[in-house]
Structure formats: structure tokens, C-alpha cells
Amino acid sequence: MAITTHDTETDVQDRAILVSLVTDKIKRTGIDPELSLQELVQLAETAGVEVLDVLRQNKETPDSRWFIGKGKVEELRMAADALGANTAIFDQELSGAQVRNLEEALDLKIIDRTQLILDIFAGRAKTREGIIQVELAQLSYLLPRLSGQGKNLSRLGGGIGTRGPGESKLETDRRHIRDRITELKRQLDEVVKTRELHRERRRKAGAVQVALVGYTNAGKSTLLKQLTDADVYIENQLFATLDPTSRVLELAGGKEVVLTDTVGFIQNLPHDLVASFRATLEEVNEANLVLHVVDASSPMREEQMEIVQSILQDLGASGTPQIVLFNKIDLCQSEQLEMLPTGTGYLKISAFNSEDLTRITDMIADELAGDTLNFRIPGDRGDISSLLYRVGEVLETTYDENDVLYNVRLNKEDYEKWGYMLADFVDQQ
Ligand SMILES: Nc1nc2c(ncn2[C@@H]2O[C@H](COP(=O)(O)OP(=O)(O)OP(=O)(O)O)[C@@H](O)[C@H]2O)c(=O)[nH]1
Ligand SMILES: [Mg+2]
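Residues numbered from 1 in each chain as written. Chains lettered and ligands numbered in written order. Predicted model: local features only at pLDDT ≥ 70, side-chain atom pairs only at ≥ 80, totals over all residues. Heavy atoms only, no water.

Caption draft 1: Summary view of the site of ligand 1. Not every one of the 23 residues close to ligand 1 is listed here, only the nearest: K220, T222, A240, T241 and D330. One nitrogen or oxygen atom from the side chain of K220 is found 2.7 Å from an oxygen atom belonging to ligand 1. Here D330 contributes a side-chain N or O atom positioned 2.7 Å from a nitrogen atom of ligand 1. Protein chains bury 90% of the 660 Å² of accessible surface belonging to ligand 1 in isolation. Element by element, the count of residues in the shell around ligand 1 is highest for helix α10 (residues 220-228), at 3 residues. (Near = heavy atom within 4 Å. Polar contact = N/O pair within 3.5 Å; in protein donor to acceptor, adjacent residues only side chain to side chain. Areas by Shrake-Rupley, 256 points an atom, 1.4 Å probe, with all protein chains shown as cover. Helix = DSSP H or I, 4+ residues; strand = E, 2+ residues; numbered from the N terminus.)

In C-alpha cells form, the structure reads like this:
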């Protein structure tokens, strides 16, 4: 699928060979290199690249000059000649020197996974915030790799790896790039302030925030659309969404929450990108509840869930209450379905099934409604009884001599707020 923002004049069809080097260090991460490679194919296709072949190598450590072994470089050269490739895309991150050595030896454009992801983001960015964030990430990635790269940059011509900061900009020296980074950070600060104002307003209005998070292509935007009729971009491709979109979602009983769709996560999400997108991702931190959307039909389901959890942890949002939505069950084999965990906090759904949508909103309502607690209030403490009616939902009332026993549903925030009045009256039995 080609990126629509392509400049057709400089547009060169990328014909690529993908390369994966499996080192001991990579083996220790526990990520299956084959699945990672499958994902690289998807990423390449999302960026409009034609994938011609895939080369693999196992090696204890990367070669400092070429990344892959010398013999493999030769193999890559022959494959590129035979197939008419103009690009090689590596599944792991390369150093600036390795990129230069490979480009000189092979006369191919050399791209790594990080650069490919940054490139896709560059093609997607639409809002001012998104555009600034992507350019900042690209320049931060480029800066340490820049020395002596002038020749390469001017010869790249077009296609992947050249979108975003235009060529002429890249040809300027490091100092200009540093100045540009400073300027972008300043602009981003302004945007962040505006975003914070919006958030503050929502917080003051008492809006409950629910964030859709998850691996890219899990179905987050589809769920936002199905639940709220939002007109959002949905595509069977990676990183369809860059900018968070929020819509009001009405739960049964009329309670309203603000539901926000966010950028998808991926393994090895480039650090520069996470740093640049922090402002956007802050939306996740603000959430009272996280809906973790999982593509239950993916062979990488478990790895993807772990990656999402670890990014949530990096963002400081791992303590936020979470509901896991195992989506796309219509695509699952029955064995796949049996392996999914069940119980509170988990739902198996299809975004296209309306009954499932109701189950989601019911579970959100339940989760936000909080726990039930028992209180024993002496008959002469009418003030506490009326407080309970005000802040909670009284489910049951019974009388025991002079005391009144209440079973009340109270959400966490309200209990924290009124705990100093109520704690003494909680009935432990
Ligand atoms: N069969 C099936 N397809 C689904 C379901 N939910 C979403 N999809 C499809 O999955 C693809 C990705 O959906 P999106 O909603 O764009 O996914 P996303 O999580 O927002 O992805 P990014 O924005 O790229 O991170 C689309 O082709 C959807 O139509 C589902 O329950 N069943
Ligand atoms: Mg999306």
C-alpha cells in the first residue's frame, strides 16, 4: 500500500531485499526473529516497498563494519543484482558507519527497522503536533549518524528513508540540524501546553477518561468507530493512527466517558519516537481506565501483549485499571480461543458484533462503578448515611438493633475523597 503523501516526482519504487541477523543478544530477548521478520515485511509493504526476497544469518555478534558477515554481504550483492533490488532493509538497528560501509559496498540504499518505522510515521502525520513529533524523531535519529553522510543523502533520490525532513534540509550541516531540533522542541512545547489546557478543562469538567491502547492493527480505531460512530481512519496496515482522537461514549444508565484512540505500539518502537510522542502518549497516563485491545488472531499475540505492557510501564501507566479486549475472535481458530485467559478484566470480542459492543460498555460501567463495601452506621449518624447516598450507590439496607447496615457501590476516587469520613464505619465482616 503506497503512502499517499508521496511526492510523485521524486517517487522511486523501492524494490527491497530484507535482511535479518539473529545474534545471541537477540535470542535472549525471546522475540521470535521469524515473526519479527514477518512484521518487517508488513512494515515494508505499508511503506509502499516491493519485497523481493529475505536473507537470514545467525551470528554470535554483529560485524562491526558490515553488521552481517562479509560472505553474507556478497550474497546480498548477488541477490540484489539478480532480482534488480535497489534497497536493503535490515530488521535490526544499524550504526551510521555500518550503513555507510554497506551503501558503498553494495550501491544499495540501506534502511533499518527504525528508519522504516519513522518513514511510515512521516507519511502518516497530518496534524501540526504529529508532523513536529515525527520530524523531531527523524532528526534525533539522524544526528548521531550524520558524519560524512553527505554523499549518500544526496544520492538517495526518493522513496523510503527520504520522506519527512526534505533532502535539502538533510544536506545542511549538523549545526543546522541541532538548531532545527531546538526549534521543533520549542514548537512542541507550545502544542503540549495547548493539549494540557484541553486536558485540564476535561478534568475540571469531571470527565472520566478511557484510553484504547494496543499493538498496531489490533482494532483500536475500529472499536472507537463502532462504539461512538466516530469518523476515524481504519486500515488493515500498521500505524494507521498517529494522532489521538477522543469521542464521548455513553454507557448504559446515561453516564458519559471520554474514549480516546491512540497510536499503536510495536516491538522496538524507536526510542526517539517514544520520546517525541510523549505528549501524545500522555493521554494514556491521564486515563482512569485503559482498554488494552489485542488481536487475538495474531500468532504474535502473547509477545504483542508483553510489548504493550512494557511500553505502558515506561509511560508510567502500568498501574491504571485495565480491561483486556481480545479482539478479532471471528478470525480465531477454536484452539486459539481456548488458550485465551478468561475472568474479570478480560473480554473476547469482535469489533463488528453489536452484542460484544454492549458487553464492552457494560464492563466499562462495572469497572468505573467500583467495588461494593459494607458499612455499619449508628442510628444517630444520619449525616454519614446521607453522605453514603450522595457519593455511592446504596444497593441494600438492613437494620441491626440501633445500627443501619448498608451495602454500597463506591468508585475508588470517591472512596479516596471521602475515606476520612467513612473509613471508621466500614463493616469488616
Ligand atoms: N475480522 C476482524 N477484523 C477486524 C476486527 N477489528 C478490526 N478489524 C480490522 O483490523 C484492521 C485494523 O483495524 P484498525 O482499527 O485500523 O486498527 P488499529 O488498532 O487502530 O491500528 P493502528 O492505528 O494502525 O495502530 C482493519 O482492517 C479492521 O477492519 C474484528 O473484530 N474482526
Ligand atoms: Mg488506529
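Caption draft 2: Region of interest: helix α3 (residues 70-83). With 14 residues, α3 ought to run about 20 Å at 1.5 Å a step, and its terminal C-alpha atoms sit 20 Å apart, in line with that. For α3, the set of buried residues is K72, V73, L76, A79 and A80. Down the axis of α3, the buried set is contained in an arc of 125°. They therefore lie on one face. Exposed side of α3, more than 90 degrees from the buried face: K70, G71, D81 and A82 are the residues found there. Lining the buried residues of α3 we find β1 (15-22), β2 (50-58), β3 (87-90) and α4 (96-106). In the stretch just after α3, G84 is the one whose phi turns positive, near 75°. (Expected span 1.5 Å × (residues − 1). Buried < 20%, exposed > 50% of the residue type's maximum accessible area, 1.4 Å probe, protein only. Arc of directions from axis to C-beta. Contact = heavy atoms within 4.5 Å.)

Caption draft 3: Seen up close, the packing of aromatic side chains. Summed over all chains, the structure comprises 3 aromatic pairs. A ring pair is formed by Y389 and Y406, whose centres lie 5.8 Å apart and whose planes are at 90°; its orientation type is edge-to-face. Of the two residues, Y389 sits in helix α16 (residues 382-391) while Y406 sits in strand β13 (residues 403-410), which places them 17 residues apart along the sequence. Residue classification places Y389 among the partly exposed residues on the basis of a relative accessible area of 46%. The exposure class of Y406 is buried, given its relative accessible area of 7%. For R145, the ring lying beneath its charged end belongs to Y141, and the centroid distance is 3.9 Å. (Phe/Tyr/Trp six-rings, centres within 6.5 Å; stacked < 30°, edge-to-face > 60°. Lys NZ or Arg CZ within 6 Å of the ring centre and 35° of its normal.)

Caption draft 4: The environment of L273, seen in detail. Following the sequence through the fold, L273 ends up in helix α11 (residues 271-276). Residues L273 and I117 lie 156 residues apart in sequence; the distance between their C-alpha atoms is 9.1 Å. The residues contacting L273, other than those within four sequence positions of it, are I117, L118, F121 and A137.

Caption draft 5: Broad picture of the nonpolar core. Formed by 45 residues in total, the largest nonpolar core has its most connected members in L43, I89, L116, F121, F239, I266 and L273. Of all the elements in the fold, those that place two or more residues in this core are β1, α2 (33-46), α5 (113-124), α6 (128-142), β5 (208-214), α11, α12 (278-286) and α13 (301-315). The element best represented in this core is α5, accounting for 6 residues. Each of domain 1 (15-175) and domain 2 (207-368) contributes no fewer than three residues to this core. L249, L259, V293 and I360 belong to the second largest nonpolar core, which has 26 residues in total. (Core = buried A, V, L, I, M, F, W, Y, C linked by side-chain atoms within 4.5 Å. Domains from an automatic or database assignment.)

Caption draft 6: How the structure looks around the sheet that holds β3. Pairing in this open sheet of 4 strands is parallel, and the strands run β2-β1-β3-β4 from one edge to the other. Looking at which strands have only one partner, the edges of the open sheet turn out to be β2 and β4 (109-112). Across this sheet, the average inter-strand angle for adjacent strands is 25°, counted without regard to direction. With 4 bridges joining them, β1 and β3 adopt parallel strand pairing. Bridge assignment links V19 to a residue of β3, and that residue is F90. Packing against the sheet, α2 makes contact with β1, β2 and β3, and its axis sits at approximately 155° to β2. Sheet contacts for α3: β1, β2 and β3; angle to β2, the most-contacted strand, approximately 165°. (Pairing = 2+ DSSP bridges. Axes fitted to C-alpha atoms, helices over the stretch in contact; angles between N-to-C directions.)

Caption draft 7: Highlighting the sheet that holds strand β11 (residues 371-378). The sheet built from 3 strands is open, its strands ordered β11-β13-β12 with antiparallel pairing. Only two strands of the sheet have a single neighbouring strand rather than two, namely β11 and β12 (393-400). Mean inter-strand twist for the sheet, computed between neighbouring axes without regard to direction, equals 20°. Two strands pair when backbone bridges link them, and β12 and β13 are joined in this way by 7 bridges, in the antiparallel orientation. Following the sheet pairing, T397 is matched in β13 by Y406. Contacts from helix α17 (residues 412-422) reach β11 and β13 within the one sheet, and its direction differs from that of β13 by about 155°.

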